[in-house]
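Overview (structure and organization)
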Amino acid sequence: MGSKMTSSDAVKAIIRQDTYQRIAKFNQERNWDQFHTPKDLSISLTLEAAELLECFQWSGTDMHVDKKQKKIIEETADILIYALQMCQVLKIDPEEIINRKLDQNELKYPADKAYGNALKYTELHNFSDPEDSSNGKSK
């Protein structure tokens, strides 16, 4: 059939204008815009994130994730839709804010210090000896 979509292709597909228009049309046809305040969208994002997290509850080392992929995909889609709705309501460009955040993270997590460990940036700048970090397992 068709070629497999790469991660970067998938991200590009999320932020296409027709995707925004489809989300907006879906809500307008149901008169749901009245319920999509930043507060309520934030609550919905949190609830959907909790539903995604539930897919991993009691899964040990994620050995059963393959069996839950359909549910994981559904919950991830819900999260992305609510995040895009938040962008619409607040009139912010998701690509712009993602790039701004990545710029900030590049400063907070320089590759030469952050490579291979999961220390939080506040701990990372004090880190000097790889033996002291336990590979930064506690983030």
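Because the structure is a prediction, the values reported are computed rather than measured.

What follows covers the pattern of salt bridges. All chains considered together, the criterion is met by 6 salt bridges. A salt bridge links arginine 16 to aspartate 18; its shortest N-O distance comes to 3.0 Å. Taken together, the shared-partner salt bridges in this structure form one network comprising Lys25, Glu29 and Arg30.

The next point concerns the nonpolar core. Leu52, Cys55, Val65, Ile72 and Ile79 together form the largest nonpolar core, which totals 5 residues. In this structure isoleucine 79 touches Leu45, Glu48, Ala49 and Leu52, once residues within four positions along its chain are discounted.

For the rest of this paragraph, the subject is the packing of helix α2 (residues 17–29) against helix α4 (residues 69–90). Between α2 and α4, the shortest axis-to-axis distance is 10 Å and the interhelical angle comes to 90 degrees. Considering their axes alone, α2 and α4 lie roughly perpendicular with respect to each other. In this structure, α2 uses Thr19, Tyr20, Ile23, Ala24 and Asn27 to contact α4, whose residues at the interface are Ile81, Leu84, Gln85 and Gln88. Looking at the contact of α2 with α4 residue by residue, the class counts come to 5 nonpolar, 4 polar and no charged.

Moving on: the packing of aromatic side chains. In total, this model carries 2 aromatic pairs according to the counting rule given. Between tyrosine 109 and tyrosine 121, the aromatic rings sit 6.0 Å apart at their centres with planes inclined by 80 degrees, giving edge-to-face as the arrangement. Taken together, the positions of tyrosine 109 in the loop between α5 (94–108) and α6 (111–114) and tyrosine 121 in helix α7 (residues 121–124) put the pair 12 residues apart, joining distant regions of the chain. The partly exposed category is assigned to tyrosine 109, whose relative accessible area is 25%. Given the relative accessible area of 27%, tyrosine 121 is considered partly exposed. Above the face of the tyrosine 121 ring, lysine 108 is positioned so that its terminal group lies 4.3 Å from the ring centre.

Thresholds, definitions, all that
- The written sequence of each chain sets the order in which its residues are numbered from 1.
- Per-residue local features are limited, in this predicted model, to residues with pLDDT of at least 70; the limit for side-chain atom pairs, both in listing and counting, is 80 or more; totals at the level of whole chains, interfaces and linings are taken over all residues.
- As a rule here, side-chain values come from all non-hydrogen atoms in the structure, and water together with hydrogens is ignored.
- The salt bridge definition used is simple: a Lys or Arg side-chain nitrogen within 4 Å of an Asp or Glu carboxyl oxygen.
- Buried residues of nine kinds, namely Ala, Val, Leu, Ile, Met, Phe, Trp, Tyr and Cys, make up a nonpolar core once their side-chain atoms join them within 4.5 Å.
- Burial here depends on accessible area, computed with a 1.4 Å probe over protein chains only, as a share of the maximum for the residue type. Under 20% is buried, over 50% is exposed, and the range in between is partly exposed.
- The contact rule is simple, with two residues in contact once any of their heavy atoms fall within 4.5 Å.
- Lines fitted to the C-alpha atoms define the axes, with helices restricted to the stretch that makes contact. Angles between their N-to-C directions range from 0 to 180 degrees.
- For the purposes of this entry, the term helix denotes a DSSP run of H or I that reaches at least four residues, the term strand denotes a run of E that reaches at least two, and both are numbered from the N terminus.
- Each angle receives one of four descriptions, namely roughly parallel if under 35 degrees, roughly antiparallel if over 145, roughly perpendicular if within 65 to 115, and oblique otherwise.
- The nonpolar class holds Ala, Val, Leu, Ile, Met, Phe, Trp, Tyr, Cys and Pro. Asp, Glu, Lys and Arg form the charged class, and all remaining residues, Gly among them, are polar.
- Stacked, tilted and edge-to-face are the three classes applied to pairs of Phe, Tyr and Trp rings, where Trp contributes its six-membered ring and a pair requires centres within 6.5 Å; stacked means planes under 30 degrees apart, edge-to-face means over 60, and tilted covers the rest.
- Placement of a positive charge over a ring is assigned whenever Lys NZ or Arg CZ falls within 6 Å of the ring centre and within 35 degrees of the normal to the ring plane.

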